[in-house]
Amino acid sequence: MENILKVTKALSDSNRIRIIYALYLEKELCSCQISEFLGICTSTVSRHMSQLQKGDLIKVRKQGKWTFYSLSDNLLNGNFSFLLNWIIEEIDKDTDNNDNVILSKILLRYPEDLCKQ
């Protein structure tokens, strides 16, 4: 039961769903890129990422002062892969969603430049 609650809590916020979608599209993003993508401060991103990590939906990789995030193996190929498929299908059906355009513009900038803002 506890596992179900962690996953549903992790998925109960639109920003966290958007993060999952962005990580699906790009495989790995740093916290500054996610902050820019969502238009929120990095401390809020950190709280969202913590919830996703508690639900075993993302992985964290540290490299020096950088923190990178990617989808967990559990979400990509494991017990929760059906959730990822459902999320992607639903977002792709949404004709008003332009997250892929926003993300592509962010990826044109160096992460170092985003972090300096």
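Quick note: structure is the one above.
Residues numbered from 1 in each chain as written. Predicted model: local features only at pLDDT ≥ 70, side-chain atom pairs only at ≥ 80, totals over all residues. Heavy atoms only, no water.

A. Representation of the overall build of the protein in the model. The helix and strand tally for the protein stands at 8 helices and 3 strands. For 117 residues, the compact-globule formula gives about 13 Å, and the C-alpha radius of gyration of the protein, at 14 Å, lands near that figure. Along the first, second and third principal axes, the C-alpha atoms of the protein reach 40 × 35 × 20 Å. Across the 117 residues that make up the protein, the buried fraction comes to 40%. Of all intrachain contacts in the protein linking residues separated by at least 6 positions in sequence, the fraction that spans at least 24 positions is 62%. Of the accessible surface of the protein, which amounts to about 7000 Å², a share of 50% is contributed by carbon and sulfur atoms. (Helix = DSSP H or I, 4+ residues; strand = E, 2+ residues; numbered from the N terminus. Rg over C-alpha atoms; globule rule 2.2 N^0.38 Å. Buried < 20%, exposed > 50% of the residue type's maximum accessible area, 1.4 Å probe, protein only. Contact = heavy atoms within 4.5 Å. Areas by Shrake-Rupley, 256 points an atom, 1.4 Å probe, with all protein chains shown as cover.)

B. The arrangement of the packing of helix H2 (residues 14-26) against helix H4 (residues 42-54) in detail. Following both chains from N to C, one finds H2 and H4 inclined at 75°, their axes separated by 10 Å at the closest point. It follows that H2 is roughly perpendicular to H4 by the angle criterion. Contacts from Asn-15, Arg-16, Ile-19, Ile-20 and Leu-23 of H2 reach H4 at His-48, Met-49, Gln-51 and Leu-52. Across the contact of H2 with H4, the residue classes break down as 5 nonpolar, 3 polar and 1 charged. (Axes fitted to C-alpha atoms, helices over the stretch in contact; angles between N-to-C directions. Parallel < 35°, antiparallel > 145°, perpendicular 65-115°, else oblique. Nonpolar A, V, L, I, M, F, W, Y, C, P; charged D, E, K, R; others polar.)

C. Examining the pattern of salt bridges more closely. Throughout the structure, instances matching the rule amount to 5 salt bridges. Residues Arg-61 and Glu-28 are paired through a salt bridge, measuring 2.8 Å at the closest nitrogen-oxygen approach. Here Arg-61 is found in strand S2 (residues 58-63), whereas its partner Glu-28 is found in the loop between H2 and strand S1 (29-30), with 33 residues between them in sequence. Note that Glu-36 and Arg-109 form a salt bridge whose closest N and O atoms lie 3.6 Å from each other. Remark: Arg-109 occurs in the loop between helix H7 (99-107) and helix H8 (111-116) and Glu-36 occurs in helix H3 (residues 31-38); sequence separation between them is 73 residues. (Salt bridge = Lys/Arg side-chain N within 4 Å of Asp/Glu carboxyl O.)

D. Expanded view of the environment of Cys-41. Here Cys-41 shows up in the loop between H3 and H4. For the pair Cys-41 and Glu-26, spaced 15 residues apart in the sequence, the C-alpha separation amounts to 21 Å.

E. Broad picture of the nonpolar core. Among the nonpolar cores identified, the biggest contains 33 residues, and Ile-20, Leu-23, Ile-34, Met-49, Leu-52, Leu-57 and Leu-75 are the most heavily contacted of them. Secondary-structure elements contributing two or more residues to this core are helix H1 (2-10), H2, S1, H3, H4, strand S3 (66-71), helix H6 (81-93) and H7. (Core = buried A, V, L, I, M, F, W, Y, C linked by side-chain atoms within 4.5 Å.)

F. Looking closely at unusual backbone geometry. Despite not being glycine, Lys-27 shows a phi value in the positive range, around 75°. You can see Lys-27 is positioned in the loop between H2 and S1. With a phi angle near 60°, Asp-56 is a residue other than glycine that sits in the positive phi range. Turning to its location among the elements, Asp-56 is positioned in the loop between H4 and S2. Owing to a relative accessible area of 36%, Asp-56 belongs among the partly exposed residues under this scheme.

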